[in-house]
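Observations on chain architecture
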Amino acid sequence: MSTEVRKQVLEVARLMYNKNMVNTFEGNISACENNRIYITPSQICKGILEEGMIPVCDLEGKLIEGTYKPSSEIKLHLPIYKDRSDVKAVVHAHSPYATAFAIANKPIESKAYPELIMLFDKIPLAAYGTPSTAEIYADVRNYIMDYDVILLANHGILAVGSDPFDAFFKLEAAESIAKALFLARQLGGEKDLPPDKLMELYDMH
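Scope of this entry: the structure provided in the associated data block.

What the rule picks out here adds up to 4 aromatic pairs. Centre to centre, the rings of F165 and F169 are 6.2 Å apart; their planes meet at 35 degrees, and the pair counts as tilted. Here F165 and its partner F169 are both found in helix 5 (residues 164–186), 4 residues apart, which amounts to about one turn of the helix. Looking at F169, the relative accessible area reads 47%, which means it is partly exposed. One aromatic cluster is present, built from ring pairs that chain together F165, F168 and F169.

Here we come to unusual backbone geometry. As a rule of thumb, non-glycine residues mostly have phi less than zero, and peptide bonds are mostly trans rather than cis. Phi at N35 takes a positive value of approximately 65 degrees, unusual for a residue other than glycine. In this structure, N35 sits in the loop between strand 1 (28–33) and strand 2 (36–39). Under the relative-accessibility criterion, N35 is labelled exposed at 51%.

Applying the stated criterion across every chain yields a total of 11 salt bridges. E200 is the partner of K197 in a salt bridge, and the nearest nitrogen-oxygen pair spans 3.6 Å. A residue pair is termed a helical-turn pair when its members lie 3 or 4 positions apart in one helix, as K197 and E200 do in helix 6 (residues 195–204) at 3 residues. On the basis of relative accessible area, E200 is assigned to the partly exposed category, the value being 41%. One network of salt bridges, in which partners are shared, links R84, D86, D148, D166 and K170.

Turning next to the environment of P107. With respect to the element layout, P107 can be found in the loop between helix 3 (96–103) and helix 4 (114–119). Separated by 71 residues in the primary sequence, P107 and A178 place their C-alpha atoms 9.8 Å from one another. Look past the residues within four positions of P107 in its chain and what remains in contact with it is F101, I123, P124, L125 and L151.

Counting buried positions along helix 2 (residues 74–83) gives 7 out of 10 residues, so the element sits mostly inside the fold. Here helix 2 has its buried residues at I74, L76, H77, L78, P79, I80 and Y81. Considering only its buried residues, helix 2 is in contact with strand 1, strand 2, strand 3 (56–57), strand 5 (89–93), strand 7 (149–152) and strand 8 (156–161).

Attention now moves to the sheet that holds strand 7. Read across the open sheet, the 8 strands follow the order 4-3-2-1-5-8-7-6; overall the sheet is mixed. Looking at which strands have only one partner, the edges of the open sheet turn out to be strand 4 (63–65) and strand 6 (125–126). With 2 bridges connecting them, strand 2 and strand 3 associate as antiparallel partners. Residue pairing for strand 3: Y38 is matched across the bridge by V56. This element, helix 3, spans strand 5, strand 6, strand 7 and strand 8 of the sheet and lies at about 55 degrees to strand 7.

The rules behind each value
- Residues numbered from 1 in each chain as written.
- Predicted model: local features only at pLDDT ≥ 70, side-chain atom pairs only at ≥ 80, totals over all residues.
- Heavy atoms only, no water.
- Phe/Tyr/Trp six-rings, centres within 6.5 Å; stacked < 30°, edge-to-face > 60°.
- Helix = DSSP H or I, 4+ residues; strand = E, 2+ residues; numbered from the N terminus.
- Buried < 20%, exposed > 50% of the residue type's maximum accessible area, 1.4 Å probe, protein only.
- Salt bridge = Lys/Arg side-chain N within 4 Å of Asp/Glu carboxyl O.
- Contact = heavy atoms within 4.5 Å.
- Pairing = 2+ DSSP bridges.
- Axes fitted to C-alpha atoms, helices over the stretch in contact; angles between N-to-C directions.

The structure is reproduced here in structure tokens:
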């Protein structure tokens, strides 16, 4: 099964790179199987990764397989697996529109976009923590039990799921929603749905 996990991490890494959700040095993907963390390596382009480049760590971040250095953001990934046993993959990206919201310190929320409400309710903003340090998770912990997609203030976005594809698809949906809201606000702002229609959506969420 470990080969399949590596393949999923690689495929999602390429998807993220090809869809301009990360640049050469940004973003990371991990998957957890049997308390082994398969994570993208540090400082290597996501578009050219191969299976042998994926390091494997234990839940404390100790390298147990591979020769490449794990992503420096592993301190963001590891506590998520400890706090949520249902999560088997974490994707962190710097997709342009979601990251713009994060840099502006604005959560992604709206009373005008049905898909946002039905899929996520909202995408909250976790307070800034220095990247590559344990501090990055300090405020994420306040949201991770209730949300699968979270903005990281002044940094980017993360999504969690049952496998790398599940996490990526949530991230991709969030980026599309962020783009639509950004563009709507350039046109004068979105128009809220009537209260009764909003309640219908919240009941469906």
